[in-house]
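# Structural features, examined
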Amino acid sequence: MKRQIYKLYVYNAIINFSLVAVIRNIYLEKKGFSLFQIGILLSIFVAAKIVLEIPTGFIADYFGNKASLVTALLLHILALIVMISFTSFSAMVISFIFLALAYTMTTGCYDTILIDLTEKDSNISLIDINSKNRFIEYTFFGIASLISGYIYLKSIPYIFGLNIALLSIATIIIFSIPYKKKAKTSNLHTSINTIIQHLFQNNILFYFVLIEATINFAMMPIEEFYLNYLENIFSISVKTATLIKGMQFIIVSLFAVFLSKYFKKYNEKVIIKALPIAMLSCFFLFTFIKNGIAAILLYMVSLLIFCCFAPIKYTVMQRSILPEYRTTVLSVKSIFTTIVVIGSQPFFGWIGDKYSMQIAARILLFLSIGSFLIINVFFRQINFDNNRQM
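Please read these numbers as outputs of a predicted model, since none were measured by experiment.

Within the protein one finds 17 helices and zero strands. For the protein, the share of sequence-separated contacts (at least 6 apart) that also reach a separation of at least 24 residues comes to 86%.

Shown next as C-alpha coordinates:
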(Lines give C-alpha, C1' and ligand atoms only; values in the text may rest on other atoms or scores of the structure.)
Protein backbone atom coordinates (compact mmCIF):
# COMPACT_ATOMS: atom_id res chain seq x y z
CA MET A 1 0.00 0.00 0.00
CA LYS A 2 2.77 2.41 0.88
CA ARG A 3 4.39 1.73 -2.48
CA GLN A 4 1.28 3.00 -4.27
CA ILE A 5 1.19 6.08 -2.05
CA TYR A 6 4.83 6.77 -2.89
CA LYS A 7 3.91 6.58 -6.58
CA LEU A 8 1.26 9.21 -5.96
CA TYR A 9 3.88 11.36 -4.22
CA VAL A 10 6.04 11.12 -7.35
CA TYR A 11 3.05 12.03 -9.52
CA ASN A 12 2.35 15.04 -7.29
CA ALA A 13 5.99 16.10 -7.51
CA ILE A 14 5.95 15.96 -11.33
CA ILE A 15 2.66 17.86 -11.58
CA ASN A 16 4.00 20.63 -9.37
CA PHE A 17 7.34 20.75 -11.17
CA SER A 18 5.52 22.92 -13.68
CA LEU A 19 8.06 25.04 -15.51
CA VAL A 20 5.46 26.52 -17.86
CA ALA A 21 3.14 27.53 -15.01
CA VAL A 22 5.97 29.55 -13.45
CA ILE A 23 6.73 31.68 -16.50
CA ARG A 24 3.37 31.50 -18.33
CA ASN A 25 2.13 35.02 -17.58
CA ILE A 26 5.54 36.58 -18.23
CA TYR A 27 5.74 34.53 -21.46
CA LEU A 28 2.34 35.92 -22.53
CA GLU A 29 3.29 39.47 -21.53
CA LYS A 30 6.53 39.27 -23.56
CA LYS A 31 4.48 38.01 -26.51
CA GLY A 32 2.55 41.29 -26.46
CA PHE A 33 -0.50 40.45 -24.36
CA SER A 34 -1.58 43.16 -21.87
CA LEU A 35 -2.26 42.41 -18.21
CA PHE A 36 -5.97 42.86 -18.97
CA GLN A 37 -5.80 40.29 -21.80
CA ILE A 38 -3.96 37.86 -19.53
CA GLY A 39 -6.66 38.43 -16.92
CA ILE A 40 -9.31 37.62 -19.56
CA LEU A 41 -7.52 34.37 -20.42
CA LEU A 42 -7.39 33.43 -16.74
CA SER A 43 -11.11 34.20 -16.44
CA ILE A 44 -11.84 32.02 -19.46
CA PHE A 45 -9.91 29.26 -17.68
CA VAL A 46 -12.07 29.72 -14.58
CA ALA A 47 -15.33 29.94 -16.58
CA ALA A 48 -14.46 26.74 -18.46
CA LYS A 49 -13.71 25.04 -15.14
CA ILE A 50 -17.15 26.04 -13.83
CA VAL A 51 -18.92 24.66 -16.90
CA LEU A 52 -16.92 21.43 -16.92
CA GLU A 53 -16.57 20.65 -13.19
CA ILE A 54 -19.80 18.69 -12.64
CA PRO A 55 -19.73 16.70 -15.92
CA THR A 56 -16.09 15.69 -15.41
CA GLY A 57 -16.78 14.93 -11.75
CA PHE A 58 -19.47 12.44 -12.74
CA ILE A 59 -17.16 10.99 -15.39
CA ALA A 60 -14.60 10.32 -12.66
CA ASP A 61 -17.17 8.88 -10.25
CA TYR A 62 -18.83 6.61 -12.80
CA PHE A 63 -15.95 5.67 -15.11
CA GLY A 64 -12.97 5.75 -12.79
CA ASN A 65 -10.63 8.26 -11.14
CA LYS A 66 -7.58 6.61 -12.69
CA ALA A 67 -8.93 6.96 -16.26
CA SER A 68 -9.86 10.56 -15.53
CA LEU A 69 -6.32 11.40 -14.34
CA VAL A 70 -4.73 9.83 -17.42
CA THR A 71 -7.06 11.78 -19.73
CA ALA A 72 -6.30 14.98 -17.83
CA LEU A 73 -2.56 14.51 -18.30
CA LEU A 74 -2.97 14.00 -22.05
CA LEU A 75 -5.13 17.14 -22.31
CA HIS A 76 -2.52 19.09 -20.35
CA ILE A 77 0.14 18.01 -22.86
CA LEU A 78 -2.11 19.09 -25.74
CA ALA A 79 -2.67 22.50 -24.12
CA LEU A 80 1.09 23.12 -23.85
CA ILE A 81 1.62 22.13 -27.48
CA VAL A 82 -0.99 24.67 -28.59
CA MET A 83 0.48 27.38 -26.34
CA ILE A 84 4.02 27.05 -27.70
CA SER A 85 3.00 26.48 -31.35
CA PHE A 86 0.71 29.50 -31.79
CA THR A 87 0.74 33.11 -30.55
CA SER A 88 -2.72 34.49 -31.40
CA PHE A 89 -5.22 35.33 -28.69
CA SER A 90 -7.71 32.78 -30.06
CA ALA A 91 -5.07 30.05 -29.84
CA MET A 92 -4.39 31.00 -26.23
CA VAL A 93 -8.13 30.74 -25.53
CA ILE A 94 -8.12 27.18 -26.90
CA SER A 95 -5.03 26.33 -24.84
CA PHE A 96 -6.59 27.65 -21.63
CA ILE A 97 -9.81 25.72 -22.29
CA PHE A 98 -7.77 22.52 -22.65
CA LEU A 99 -6.01 23.39 -19.38
CA ALA A 100 -9.39 23.91 -17.71
CA LEU A 101 -10.65 20.55 -18.96
CA ALA A 102 -7.46 18.89 -17.71
CA TYR A 103 -7.87 20.59 -14.33
CA THR A 104 -11.52 19.57 -13.90
CA MET A 105 -10.75 15.97 -14.82
CA THR A 106 -8.12 16.01 -12.06
CA THR A 107 -10.25 17.68 -9.35
CA GLY A 108 -10.79 15.28 -6.49
CA CYS A 109 -9.42 12.26 -8.38
CA TYR A 110 -5.93 12.35 -6.88
CA ASP A 111 -7.40 12.99 -3.42
CA THR A 112 -9.98 10.21 -3.77
CA ILE A 113 -7.41 7.62 -4.86
CA LEU A 114 -5.07 8.69 -2.04
CA ILE A 115 -7.81 8.59 0.60
CA ASP A 116 -9.11 5.21 -0.63
CA LEU A 117 -5.60 3.80 -0.28
CA THR A 118 -5.07 5.27 3.20
CA GLU A 119 -8.40 3.88 4.44
CA LYS A 120 -6.99 0.37 3.88
CA ASP A 121 -4.19 1.00 6.40
CA SER A 122 -5.17 2.33 9.83
CA ASN A 123 -1.54 3.13 10.61
CA ILE A 124 -1.41 5.85 7.95
CA SER A 125 -2.33 9.37 9.09
CA LEU A 126 -4.18 11.52 6.56
CA ILE A 127 -2.93 14.73 8.19
CA ASP A 128 0.68 13.52 7.85
CA ILE A 129 0.08 12.64 4.20
CA ASN A 130 -1.46 16.06 3.58
CA SER A 131 1.56 17.74 5.19
CA LYS A 132 3.94 15.67 3.04
CA ASN A 133 1.95 16.53 -0.07
CA ARG A 134 2.12 20.23 0.78
CA PHE A 135 5.88 19.87 1.24
CA ILE A 136 6.17 18.13 -2.13
CA GLU A 137 4.01 20.72 -3.89
CA TYR A 138 5.93 23.72 -2.58
CA THR A 139 9.38 22.14 -2.87
CA PHE A 140 9.04 21.00 -6.47
CA PHE A 141 7.22 24.14 -7.57
CA GLY A 142 10.05 26.03 -5.89
CA ILE A 143 12.69 24.02 -7.76
CA ALA A 144 10.80 24.65 -11.00
CA SER A 145 10.84 28.37 -10.22
CA LEU A 146 14.57 28.27 -9.49
CA ILE A 147 15.52 26.84 -12.87
CA SER A 148 12.73 28.12 -15.15
CA GLY A 149 14.08 31.68 -15.22
CA TYR A 150 17.49 30.47 -16.39
CA ILE A 151 16.00 28.14 -19.03
CA TYR A 152 13.56 30.88 -20.09
CA LEU A 153 16.46 33.17 -21.00
CA LYS A 154 18.17 30.37 -22.95
CA SER A 155 15.29 28.74 -24.80
CA ILE A 156 11.54 28.82 -24.20
CA PRO A 157 10.94 25.59 -26.24
CA TYR A 158 13.15 23.71 -23.74
CA ILE A 159 10.75 24.68 -20.93
CA PHE A 160 7.72 23.40 -22.83
CA GLY A 161 9.53 20.28 -24.04
CA LEU A 162 10.73 19.32 -20.55
CA ASN A 163 7.28 19.96 -19.09
CA ILE A 164 5.63 17.75 -21.71
CA ALA A 165 8.18 14.96 -21.11
CA LEU A 166 7.49 15.04 -17.35
CA LEU A 167 3.72 14.92 -17.89
CA SER A 168 4.27 11.84 -20.06
CA ILE A 169 6.16 10.17 -17.19
CA ALA A 170 3.31 11.08 -14.80
CA THR A 171 0.87 9.38 -17.19
CA ILE A 172 2.89 6.16 -17.02
CA ILE A 173 2.99 6.35 -13.20
CA ILE A 174 -0.81 6.65 -12.93
CA PHE A 175 -1.21 3.72 -15.33
CA SER A 176 0.98 1.61 -13.06
CA ILE A 177 -1.16 2.09 -9.93
CA PRO A 178 -3.53 -0.88 -9.37
CA TYR A 179 -6.68 1.02 -8.49
CA LYS A 180 -10.24 -0.03 -9.29
CA LYS A 181 -13.18 2.33 -9.28
CA LYS A 182 -16.03 1.71 -6.89
CA ALA A 183 -19.31 0.62 -8.46
CA LYS A 184 -22.19 3.09 -8.44
CA THR A 185 -25.73 1.89 -7.97
CA SER A 186 -27.72 5.15 -7.74
CA ASN A 187 -29.03 6.92 -10.83
CA LEU A 188 -27.72 10.27 -12.05
CA HIS A 189 -30.72 12.35 -10.90
CA THR A 190 -30.56 10.92 -7.39
CA SER A 191 -26.81 11.48 -7.26
CA ILE A 192 -27.11 15.15 -8.18
CA ASN A 193 -29.81 15.76 -5.57
CA THR A 194 -27.80 13.95 -2.90
CA ILE A 195 -24.62 15.88 -3.69
CA ILE A 196 -26.31 19.29 -3.72
CA GLN A 197 -28.07 18.54 -0.42
CA HIS A 198 -24.86 17.24 1.09
CA LEU A 199 -22.96 20.35 0.03
CA PHE A 200 -25.40 22.93 1.38
CA GLN A 201 -26.77 21.09 4.41
CA ASN A 202 -23.35 20.16 5.74
CA ASN A 203 -22.30 23.21 7.76
CA ILE A 204 -18.62 22.28 7.82
CA LEU A 205 -18.41 21.75 4.06
CA PHE A 206 -20.49 24.86 3.30
CA TYR A 207 -18.27 26.93 5.61
CA PHE A 208 -15.13 25.84 3.74
CA VAL A 209 -16.77 26.58 0.38
CA LEU A 210 -17.40 30.17 1.48
CA ILE A 211 -13.95 30.58 3.06
CA GLU A 212 -12.08 29.19 0.05
CA ALA A 213 -14.09 31.40 -2.31
CA THR A 214 -13.26 34.42 -0.17
CA ILE A 215 -9.55 33.63 -0.12
CA ASN A 216 -9.41 32.76 -3.83
CA PHE A 217 -11.07 36.07 -4.74
CA ALA A 218 -7.89 37.95 -3.82
CA MET A 219 -5.16 35.33 -3.70
CA MET A 220 -5.54 33.69 -7.11
CA PRO A 221 -4.92 36.92 -9.06
CA ILE A 222 -2.06 37.92 -6.74
CA GLU A 223 -0.43 34.49 -7.06
CA GLU A 224 -0.89 34.42 -10.84
CA PHE A 225 0.70 37.87 -11.28
CA TYR A 226 3.39 37.56 -8.59
CA LEU A 227 6.36 37.44 -11.01
CA ASN A 228 4.86 40.30 -13.01
CA TYR A 229 4.48 42.17 -9.69
CA LEU A 230 8.15 41.70 -8.79
CA GLU A 231 9.24 42.79 -12.25
CA ASN A 232 6.93 45.84 -12.51
CA ILE A 233 7.00 47.13 -8.92
CA PHE A 234 10.57 46.32 -7.84
CA SER A 235 12.24 46.17 -11.30
CA ILE A 236 13.46 42.61 -10.67
CA SER A 237 14.51 40.66 -13.76
CA VAL A 238 12.67 37.53 -14.85
CA LYS A 239 15.64 35.30 -13.97
CA THR A 240 16.02 36.83 -10.49
CA ALA A 241 12.26 36.84 -9.88
CA THR A 242 11.95 33.12 -10.63
CA LEU A 243 14.94 32.40 -8.37
CA ILE A 244 13.29 34.38 -5.57
CA LYS A 245 9.99 32.57 -6.03
CA GLY A 246 11.74 29.23 -6.05
CA MET A 247 13.68 29.91 -2.85
CA GLN A 248 10.51 31.15 -1.18
CA PHE A 249 8.61 27.96 -1.91
CA ILE A 250 11.48 25.65 -0.92
CA ILE A 251 12.17 27.45 2.37
CA VAL A 252 8.46 27.64 3.20
CA SER A 253 7.97 23.91 2.49
CA LEU A 254 10.83 22.99 4.84
CA PHE A 255 9.54 25.13 7.69
CA ALA A 256 5.95 24.01 7.12
CA VAL A 257 6.83 20.34 7.71
CA PHE A 258 7.90 21.11 11.28
CA LEU A 259 5.28 23.76 12.02
CA SER A 260 2.37 21.61 10.79
CA LYS A 261 3.23 19.00 13.47
CA TYR A 262 3.32 21.79 16.05
CA PHE A 263 -0.08 23.16 15.05
CA LYS A 264 -1.70 19.70 15.29
CA LYS A 265 -1.59 20.14 19.07
CA TYR A 266 -3.94 23.11 18.96
CA ASN A 267 -7.72 23.29 18.65
CA GLU A 268 -8.81 22.91 15.02
CA LYS A 269 -11.39 25.68 15.27
CA VAL A 270 -8.78 28.20 16.43
CA ILE A 271 -6.36 27.26 13.64
CA ILE A 272 -9.01 27.25 10.90
CA LYS A 273 -10.39 30.65 11.90
CA ALA A 274 -7.21 32.48 12.98
CA LEU A 275 -4.58 31.50 10.41
CA PRO A 276 -6.46 32.55 7.22
CA ILE A 277 -7.11 36.08 8.53
CA ALA A 278 -3.45 36.29 9.59
CA MET A 279 -2.40 35.23 6.08
CA LEU A 280 -4.67 37.75 4.33
CA SER A 281 -3.48 40.52 6.67
CA CYS A 282 0.16 39.75 5.87
CA PHE A 283 -0.55 39.87 2.15
CA PHE A 284 -2.40 43.18 2.62
CA LEU A 285 0.62 44.64 4.42
CA PHE A 286 2.84 43.25 1.65
CA THR A 287 1.18 45.60 -0.89
CA PHE A 288 2.28 48.69 1.11
CA ILE A 289 5.95 47.77 1.52
CA LYS A 290 8.30 49.65 -0.80
CA ASN A 291 11.46 47.73 0.08
CA GLY A 292 11.78 44.69 -2.17
CA ILE A 293 13.57 42.44 0.34
CA ALA A 294 11.06 43.20 3.11
CA ALA A 295 8.13 42.59 0.75
CA ILE A 296 9.55 39.26 -0.40
CA LEU A 297 10.11 38.10 3.19
CA LEU A 298 6.56 39.05 4.18
CA TYR A 299 5.18 37.23 1.16
CA MET A 300 7.09 34.16 2.32
CA VAL A 301 5.62 34.46 5.84
CA SER A 302 2.14 34.60 4.30
CA LEU A 303 2.81 31.41 2.33
CA LEU A 304 4.08 29.70 5.47
CA ILE A 305 0.87 30.54 7.33
CA PHE A 306 -1.13 29.05 4.48
CA CYS A 307 0.96 25.84 4.55
CA CYS A 308 0.28 25.41 8.26
CA PHE A 309 -3.45 25.96 7.81
CA ALA A 310 -4.08 23.96 4.62
CA PRO A 311 -3.42 20.34 5.79
CA ILE A 312 -5.68 20.73 8.82
CA LYS A 313 -8.44 22.41 6.80
CA TYR A 314 -8.17 19.72 4.15
CA THR A 315 -8.46 16.87 6.67
CA VAL A 316 -11.42 18.40 8.53
CA MET A 317 -13.22 19.01 5.25
CA GLN A 318 -12.54 15.53 3.85
CA ARG A 319 -13.96 13.71 6.85
CA SER A 320 -17.25 15.60 6.43
CA ILE A 321 -17.79 14.36 2.85
CA LEU A 322 -19.69 11.20 1.98
CA PRO A 323 -17.03 8.80 0.60
CA GLU A 324 -19.21 7.48 -2.24
CA TYR A 325 -19.64 10.96 -3.72
CA ARG A 326 -16.27 12.46 -2.77
CA THR A 327 -14.98 13.24 -6.27
CA THR A 328 -18.19 14.88 -7.49
CA VAL A 329 -18.68 16.82 -4.24
CA LEU A 330 -15.14 18.20 -4.59
CA SER A 331 -15.94 19.17 -8.19
CA VAL A 332 -19.09 21.02 -7.14
CA LYS A 333 -17.17 22.68 -4.31
CA SER A 334 -14.52 23.76 -6.77
CA ILE A 335 -17.16 25.57 -8.83
CA PHE A 336 -18.28 27.72 -5.92
CA THR A 337 -14.74 28.42 -4.71
CA THR A 338 -13.47 29.57 -8.11
CA ILE A 339 -16.50 31.31 -9.63
CA VAL A 340 -15.55 34.55 -7.88
CA VAL A 341 -12.24 34.63 -9.75
CA ILE A 342 -14.03 35.22 -13.08
CA GLY A 343 -14.38 38.84 -12.06
CA SER A 344 -11.37 39.34 -9.81
CA GLN A 345 -8.65 38.33 -12.30
CA PRO A 346 -9.58 40.69 -15.16
CA PHE A 347 -10.33 43.38 -12.55
CA PHE A 348 -6.82 42.93 -11.15
CA GLY A 349 -5.35 43.17 -14.65
CA TRP A 350 -7.47 46.23 -15.57
CA ILE A 351 -6.60 48.15 -12.38
CA GLY A 352 -2.97 47.03 -12.76
CA ASP A 353 -2.82 48.42 -16.31
CA LYS A 354 -4.66 51.66 -15.45
CA TYR A 355 -3.19 52.45 -12.02
CA SER A 356 -0.85 49.93 -10.39
CA MET A 357 -0.75 46.30 -9.34
CA GLN A 358 -0.40 47.41 -5.72
CA ILE A 359 -3.74 49.25 -5.77
CA ALA A 360 -5.43 46.29 -7.45
CA ALA A 361 -4.09 43.88 -4.80
CA ARG A 362 -5.14 46.18 -1.93
CA ILE A 363 -8.73 46.42 -3.18
CA LEU A 364 -9.11 42.65 -3.58
CA LEU A 365 -7.49 41.87 -0.21
CA PHE A 366 -9.62 44.47 1.60
CA LEU A 367 -12.78 42.86 0.20
CA SER A 368 -11.54 39.36 1.08
CA ILE A 369 -10.68 40.30 4.68
CA GLY A 370 -14.08 41.93 5.18
CA SER A 371 -15.92 38.94 3.71
CA PHE A 372 -13.92 36.50 5.84
CA LEU A 373 -14.84 38.33 9.04
CA ILE A 374 -18.54 38.44 8.10
CA ILE A 375 -18.61 34.70 7.28
CA ASN A 376 -17.04 33.85 10.64
CA VAL A 377 -19.64 35.93 12.47
CA PHE A 378 -22.39 33.83 10.88
CA PHE A 379 -20.54 30.55 11.56
CA ARG A 380 -19.28 31.39 15.04
CA GLN A 381 -20.99 28.31 16.55
CA ILE A 382 -19.69 25.78 14.01
CA ASN A 383 -18.30 22.54 15.46
CA PHE A 384 -15.48 20.99 13.45
CA ASP A 385 -15.44 17.83 15.60
CA ASN A 386 -18.62 16.56 13.96
CA ASN A 387 -18.69 13.79 11.34
CA ARG A 388 -15.26 12.25 11.98
CA GLN A 389 -15.02 9.63 9.29
CA MET A 390 -11.25 9.24 9.21
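Having seen the model, we can carry on.
So, on to the pattern of salt bridges. A side chain of one charge can pair with a side chain of the opposite charge if their charged atoms are brought near each other. In the structure shown here, the tally under the stated rule is three salt bridges. Two residues, Arg24 and Glu224, come together in a salt bridge whose shortest N-O distance is 2.7 Å. Here Arg24, found in helix H2 (residues 19-30), pairs with Glu224, found in helix H10 (residues 203-224); they are 200 residues apart in sequence, far enough to count as distant. Residue classification places Glu224 among the partly exposed positions, given a relative accessible area of 25%.

This part covers H2. With 12 residues, H2 should reach 16 Å at 1.5 Å per residue; the first-to-last C-alpha distance of 16 Å fits that figure. The buried count for H2 comes to nine of 12 residues, which makes it a mostly enclosed element. The set of residues buried in H2 consists of Leu19, Val20, Val22, Ile23, Arg24, Asn25, Ile26, Tyr27 and Leu28. Of the residues trailing H2, Gly32 is marked for its positive phi of about 105 degrees.

Side chains of residues three or four places apart in an α-helix project in the same direction, reflecting 3.6 residues per turn. Of all nine residues in helix H11 (residues 226-234), seven are buried; the element is thus mostly enclosed. Those residues of H11 not exposed but buried are Tyr226, Leu227, Asn228, Tyr229, Leu230, Glu231 and Phe234. In the segment just after H11, Ser235 is the residue with positive phi, at about 55 degrees.

A word on the packing of aromatic side chains. Any two aromatic rings considered together are summarised by their centre-to-centre distance and by the angle between their planes. According to the stated counting rule, one finds 17 aromatic pairs in the structure shown. With centroids separated by 3.8 Å and ring planes inclined at 10 degrees, the aromatic side chains of Tyr226 and Tyr299 adopt a geometry described as stacked. Of this pair, Tyr226 sits in helix H11 while Tyr299 sits in helix H14 (residues 292-318), placing them 73 residues apart in sequence. Following the ring pairs from residue to residue traces out a cluster consisting of Tyr226, Tyr229, Phe234, Phe283, Phe286 and Tyr299. Positioned over the ring face of Tyr103 is Lys49, at 4.0 Å from the centre of the ring. Over the aromatic face of Phe288 sits the side chain of Arg362, whose NZ or CZ is 4.1 Å from the ring centroid.

The next subject is the confidence of the model for the protein. When the pLDDT values of the protein are averaged, the result is 82; 86% of them are 70 or greater. Taken element by element, the protein is modelled with least confidence in helix H9 (residues 188-201), mean pLDDT 62, and with most confidence in helix H17 (residues 357-378), mean pLDDT 94.

Running from N to C, helix H4 (residues 65-85) and helix H5 (residues 89-106) cross one another at 165 degrees; their axes reach a closest spacing of 8 Å. One way to sum up the angle between H4 and H5 is to call them roughly antiparallel. As H4 packs across H5, the resulting crossing turns out to be left-handed. Of the residues in H5, those in contact with Ser68, Leu69, Thr71, Ala72, Leu75, His76, Leu78, Ala79, Val82 and Met83 of H4 are Ala91, Met92, Ser95, Phe96, Phe98, Leu99, Leu101, Ala102, Met105 and Thr106. Classifying every residue of the contact of H4 with H5 gives 15 nonpolar, five polar and no charged.

Next up on the list: unusual backbone geometry. Residues apart from glycine generally show negative phi values, whereas peptide bonds are mostly found in trans. Even without being glycine, Ser235 reaches a positive phi, approximately 55 degrees. Its location among the elements puts Ser235 in the loop between H11 and helix H12 (238-263).

What follows covers the side chain of Thr214. With respect to the helices and strands, the residue Thr214 is situated in helix H10. Setting aside residues up to four positions removed in sequence, Thr214 forms contacts with Ser368, Ser371, Phe372 and Ile375.

Once that is clear, we can look at a nonpolar patch on the surface. A contiguous nonpolar surface patch, about 500 Å² in accessible area, is contributed by Tyr355, Ile359, Ile363, Phe366 and Leu367. Take Tyr355: its relative accessible area is 53%, and that puts it in the exposed class.

Close contact between helix H13 (residues 268-286) and H14 brings their axes to 9 Å; oriented N to C, the two are set at 155 degrees. Considering the angle they form, H13 stands roughly antiparallel to H14. Remark: the crossing between H13 and H14 carries left-handed chirality. Along the contact surface, H13 presents Glu268, Ile271, Ile272, Leu275, Pro276, Ala278, Met279, Cys282, Phe283, Leu285 and Phe286, while H14 presents Ala295, Leu298, Tyr299, Val301, Ser302, Leu303, Ile305, Phe306, Cys308, Phe309, Ile312 and Val316.

Turning our attention to the environment of Ile272. Considering the arrangement of structural elements, one finds Ile272 in helix H13. Spatially, the C-alpha atom of Ile272 lies 9.9 Å from that of Ile211, the residues being 61 residues apart in sequence. Beyond its immediate stretch of four places on either side in the chain, Ile272 contacts Tyr207, Phe208, Phe309, Ile312, Val316, Phe372 and Phe384.

Tracing the backbone shows Ser68 in helix H4. Ser68 sits in the buried class, given a relative accessible area of 1%.

The rules behind each value
- The numbers attached to residues start from 1 for each chain and follow its sequence in the written order.
- Reporting of local features is limited, given that this is a predicted model, to residues whose pLDDT is at least 70; pairs of side-chain atoms are given and counted only at 80 or more, and all residues count toward the totals for whole chains, interfaces and linings.
- To get the side-chain values, all heavy atoms of the structure are used, and hydrogens and water are removed first.
- Comment: elements are numbered from the N terminus, with helices defined as DSSP H or I runs of at least four residues and strands as E runs of at least two.
- The contact criterion used throughout is that any non-hydrogen atoms of two residues lie within 4.5 Å.
- Salt bridges are counted wherever a side-chain nitrogen of Lys or Arg sits within 4 Å of a carboxyl oxygen of Asp or Glu.
- Summary of the burial criterion: residues with accessible area below 20% of their type's maximum are buried, those above 50% are exposed, and those between are partly exposed, where the area comes from a 1.4 Å probe applied to protein chains only.
- One fewer than the residue count of a helix, multiplied by 1.5 Å, yields its expected span.
- Pairing of aromatic side chains here covers Phe, Tyr and the six-membered ring of Trp, requires ring centres within 6.5 Å, and sorts the geometry by plane angle: under 30 degrees stacked, over 60 edge-to-face, intermediate tilted.
- Each ring is checked for a lysine NZ or an arginine CZ that lies within 6 Å of its centre and within 35 degrees of its normal; such an atom marks a charge sitting over the ring.
- pLDDT gives the predictor's per-residue confidence on a scale running from 0 to 100.
- All axes are obtained by fitting lines to C-alpha atoms, using only the stretch in contact for helices, and the reported angles, taken between N-to-C directions, cover 0 to 180 degrees.
- For classification purposes, an angle smaller than 35 degrees is called roughly parallel, one larger than 145 roughly antiparallel, one from 65 to 115 roughly perpendicular, and anything else oblique.
- Note on convention: near helix rotated counterclockwise from far helix by under a right angle means a left-handed crossing. Clockwise means right-handed.
- Polar here means any residue outside two lists: the nonpolar Ala, Val, Leu, Ile, Met, Phe, Trp, Tyr, Cys and Pro, and the charged Asp, Glu, Lys and Arg; Gly therefore counts as polar.
- Nonpolar side chains (Val, Leu, Ile, Met, Phe, Trp, Tyr) are joined into patches within 5 Å and like charges within 9 Å, using only residues with over 30% relative accessible area and no salt bridge.
- Per-residue accessibility takes into account occlusion by the displayed protein chains alone, with areas from the Shrake-Rupley method and a 1.4 Å probe.

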